[in-house]
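# Remarks on the overall topology
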Amino acid sequence: MRSRTKKFIQHLSHDIEDEDRAEEYLDESLPLIGLIVMYFNSLEKSLDSLICEVISDRTDAPGLIVIQKLMYVAKVDLFKRFSDDFHGSFYFTPVEFNELIGELIEVGKLRNLVVHADWSSTDEDGYTFVRLKTSSNGMLQEYVQFSVESLEKLIERLIKANHRLSDYWKWKSERLQYHLQGAS
């Protein structure tokens, strides 16, 4: 996703020269935005489920109480801390684990850009206002170009992140099972 900035001058405004072309762009993009929301929600629910499993394998109730008001990034942090504790018990952290956590955080940031963008400000090139930034030169309006290709890539990343999370959980379960069988 490309980005550009424009100096903020007195009022928040956006330059849209070809509104018909901008509307065409939105028509192509809106179904993808819906898929991003759907796949992100699926990823977050997978994360919720794994956290609940760590807290209690008998019922989700205690885990749901813990995560009830947590934002996604706080859930990722909690999952990481529980996992780090597990890894410490075995003196081993899989190489892919830190990459998984990084990817979970990154797709969360990208999802936030998409869902909190001001889609009514999208121009004919697909640049959409996402936020005001402060710089030494004053305030800047930041725009991100959400191309169809970049939105499709984000969907792929969300799906892949969910698979990676599932693969990690499978690895962790196998490791624990192996340890328990060796102890008996």
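What this report covers is the structure whose coordinates are included nearby. Note that the coordinates shown come from a computational prediction; the quantities given were computed from them, not determined experimentally. Numbering of residues begins from 1 in every chain and follows the order in which that chain's sequence is written. Residue-level local features of this predicted model are given only where pLDDT is at least 70; pairs of side-chain atoms are given and counted only at 80 or more, and the full residue set underlies all totals for whole chains, interfaces and linings. Side-chain calculation: all heavy atoms of the structure are included, whereas hydrogens and water are not.

The next subject is the overall build of the protein. When you go through the protein residue by residue, the secondary structure sums to 5 helices and 3 strands. Labels follow the DSSP assignment, with helices taken as runs of H or I lasting at least four residues and strands as runs of E lasting at least two, numbered in each case from the N terminus. In sequence order, the protein lays out its α and β elements as β-α-α-α-α-β-β-α. Values of the radius of gyration come from C-alpha atoms, whereas the globule rule sets the reference at 2.2 Å times the count of residues to the power 0.38. A compact globule built from 184 residues would reach a C-alpha radius of gyration of about 16 Å, whereas the protein, at 21 Å, exceeds it by more than 25%. If you line up the protein on its principal axes, its C-alpha atoms span 70 × 35 × 30 Å. Throughout, exposure labels follow a simple rule: accessible area from a 1.4 Å probe, protein chains only, divided by the maximum for the residue type, with under 20% read as buried, over 50% as exposed, and the rest as partly exposed. Looking at the protein residue by residue over its 184 residues, the buried ones come to 38%. Partitioning the intrachain contacts of the protein with sequence separation of at least 6 by distance along the chain shows that 72% fall at a separation of at least 24. Computed with a 1.4 Å probe, the accessible areas rest on the Shrake-Rupley method; for each residue, only the protein chains presented here act as cover. With the model as given, the accessible surface of the protein reaches about 11,400 Å², and the carbon-plus-sulfur share is 51%. We score Asp and Glu as negative and Lys and Arg as positive, and we do not count His or the chain ends. Charged side chains are reduced to one point each, which is NZ for Lys, CZ for Arg, CG for Asp and CD for Glu. Mean positive and mean negative side-chain charge positions of the protein (22 and 31 charges, respectively) differ by 8 Å. Any two residues whose heavy atoms approach within 4.5 Å are treated as being in contact.

Another point: the packing of aromatic side chains. For Phe, Tyr and Trp, rings pair up if their centres lie within 6.5 Å, where Trp contributes its six-membered ring, and each pair is then called stacked (planes under 30 degrees apart), edge-to-face (over 60) or tilted (otherwise). One pass over the structure, following the stated rule, counts 10 aromatic pairs. Between the aromatic rings of Phe 92 and Trp 171, the centroid separation amounts to 6.0 Å while the plane-to-plane angle is 40°, which identifies the pairing as tilted. Here Trp 171 lies in helix α5 (residues 148-183) and Phe 92 lies in the loop between α3 (72-90) and α4 (95-116), a separation of 79 residues in the sequence. Using a relative accessible area of 38% as the deciding quantity, one classes Phe 92 as partly exposed. The partly exposed category is assigned to Trp 171, whose relative accessible area is 24%.

Okay, the sheet that holds strand β1 (residues 2-7) next. Pairing between two strands requires that DSSP report at least two bridges joining them. Pairing within the open sheet is antiparallel, and its 3 strands lie in the order β1-β3-β2. Two strands in the sheet have a free side with no partner beyond their single neighbour: β1 and β2 (127-135). When the angles between neighbouring strand axes are averaged without regard to direction, this sheet yields 30°. In this sheet, strand β3 (residues 138-145) lies alongside β2 in antiparallel orientation, the contact comprising 8 bridges. Following the sheet pairing, Ser 135 is matched in β3 by Gly 138. Where helices are involved, their axes are fitted lines through C-alpha atoms of the stretch in contact, as for all axes, and angles between N-to-C directions lie from 0 to 180°.

Summarising the element assignment, Gln 141 is placed in strand β3. Nitrogen and oxygen atoms within 3.5 Å of one another constitute a polar contact, given that in protein one can donate a hydrogen and the other can accept it, and given that sequence-neighbouring residues count only through two side-chain atoms. At a separation of 2.7 Å, a polar atom in the side chain of Gln 141 contacts the side chain of Tyr 143.

Another point: the side chain of Arg 111. Its location among the elements puts Arg 111 in helix α4. A polar contact is formed between the side chain of Arg 111 and the side chain of Asn 112, at a distance of 2.6 Å. Look past the residues within four positions of Arg 111 in its chain and what remains in contact with it is Ile 36, Phe 40, His 116 and Leu 154.

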